[in-house]
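Below are the chains, spelled out letter by letter.
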Amino acid sequence: MHQELITISSIDEIHSLTNKIRKEGKSIGFVPTMGFLHDGHISLIKEAKKNNDVTIVSIFVNPTQFSPTEDLASYPRDLEKDKSLLINAEVDYLFFPNTEDFYPNDFQTFVEVNKISKILEGEFRPTHFKGVTTVVAMLFNCINPDNAYFGQKDAQQAAVINQMVKDLKYDIKINVSPIVRENDGLAMSSRNVYLNEKERKDALVLSRSLSIADELIKNGEKNTTNILNEMKKKINSVESSDLNYVSIVEADSFTIIDTIEKGRSYYILVACKIGKTRLIDNKFVSI
Ligand code: PAF
């Protein structure tokens, strides 16, 4: 087991390190995170370790993906615990950039994916994906990985990043790992820590509404309005819930659809506030 974790903050140093690794002919697996790590992140790290010579994890709470009314200042952070989880997971390097280096005062370049950034999450968080794609582009340029790992929990984020990689001709494979859930079905998320005891129970309505939709689809329901109405009914029955959206998209193109067709794959998606905490969840269905 590794006893220490090599942490790099300097951009020059990360460039030299990753250039050296590549010159040695070794592959790099990269897991970008905002820290406060949980088993969902660890599952991505395991995938990276399995399929690459060197694994690099980044921790950077990226200010540009939060709107002024969101939780940037209070976003949960615990660097020491994160480092011990990374040591246990035998990660080779932690990249921990400084905000001033990533966004100096004269910073003026953003990366924006036009169409799929604007629907669903994009409607409720209009500047969010522009911040995500900008920081992920910077991280990719620093690390130059062969493989990058993202969680299916943020299925739209993965679709947006895939589009960016395709459009900007990055030679990086995007790997998406299944959602990791608590025993009772709640999707793991750093933001779950905001939930009080009652809200923690109420939050199960997200995964339960997805199971209802899944069941209806498996029983042959084709009309998405009927499916989404049943999800809404379930979510609205919980007093602390404030539904943002439920939707079904075709998995590859991430386009919203009206009718389920045989032989295709879909994501059923939900975004909902429980009390003050905004949660998202989804289920992949192939029929
Ligand atoms: O999914 C996340 O944690 C973040 O959006 C990411 C990809 C690390 C970019 O800041």
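Placed above this text is the structure.
First, a word on what this report is: a plain description of the structure on this page. (Residues numbered from 1 in each chain as written. Predicted model: local features only at pLDDT ≥ 70, side-chain atom pairs only at ≥ 80, totals over all residues. Heavy atoms only, no water.)

1. Thoughts on helix α9 (residues 204-218)
Next up, step 1: End to end, α9 covers 21 Å across 15 residues, agreeing with the expected 21 Å (1.5 Å per residue, within 8%).
Next up, step 2: Among all positions in α9, only Leu204, Val205, Leu206, Ser207, Ser209, Leu210, Ala213, Asp214 and Ile217 are buried.
Next up, step 3: The inward-facing, buried residues of α9 abut α8 (197-202), α10 (224-236), β7 (241-250), β8 (265-274) and β9 (277-286).
Next up, step 4: Gly220 sits one or two positions beyond α9 and adopts a positive phi of about 100°. (Helix = DSSP H or I, 4+ residues; strand = E, 2+ residues; numbered from the N terminus. Expected span 1.5 Å × (residues − 1). Buried < 20%, exposed > 50% of the residue type's maximum accessible area, 1.4 Å probe, protein only. Contact = heavy atoms within 4.5 Å.)

2. Examining the packing of aromatic side chains
Next up, step 1: Taken as a whole, this structure holds eleven aromatic pairs when the rule is applied.
Next up, step 2: With a centroid separation of 5.4 Å and 90° between ring planes, the pair formed by Phe107 and Phe110 is classed as edge-to-face.
Next up, step 3: Given the relative accessible area of 40%, Phe110 is considered partly exposed.
Next up, step 4: Seen in terms of ring centroids, Phe254 and Tyr267 are 6.0 Å apart; in terms of plane orientation they differ by 40°. Their pairing is tilted. (Phe/Tyr/Trp six-rings, centres within 6.5 Å; stacked < 30°, edge-to-face > 60°.)

3. What about the environment of Thr69?
Next up, step 1: Tracing the chain through its elements places Thr69 in the loop between β3 (54-59) and α3 (79-88).
Next up, step 2: The spatial distance from the C-alpha of Thr69 to the C-alpha of Lys118 is 19 Å, given a sequence separation of 49 residues.

4. Considering unusual backbone geometry
Next up, step 1: Unlike most non-glycine residues, Phe36 shows phi in positive territory, near 50°.
Next up, step 2: Looking at the element boundaries, Phe36 is found in the loop between β2 (28-33) and α2 (39-51).
Next up, step 3: Of note, the phi angle at Leu120 is positive, near 50°, even though the residue is not glycine.
Next up, step 4: Examined against the element boundaries, Leu120 turns out to sit in the loop between α4 (99-102) and α5 (121-124).
Next up, step 5: The class for Leu120 is buried, based on a relative accessible area of 7%.

5. Brief notes about the site of the ligand
Next up, step 1: The immediate surroundings of the ligand are formed by Pro32, Thr33, Met34, Asn62, Gln65, Val135, Phe150 and Gln157.
Next up, step 2: Within the contact set of the ligand, an oxygen atom lies 2.6 Å away from a side-chain nitrogen or oxygen of Gln65.
Next up, step 3: Here an oxygen atom of the ligand sits 2.7 Å away from a polar atom, N or O, in the side chain of Gln157.
Next up, step 4: Relative to its free-state accessible area of 290 Å², the ligand is covered by the protein chains to the extent of 89%. (Near = heavy atom within 4 Å. Polar contact = N/O pair within 3.5 Å; in protein donor to acceptor, adjacent residues only side chain to side chain. Areas by Shrake-Rupley, 256 points an atom, 1.4 Å probe, with all protein chains shown as cover.)

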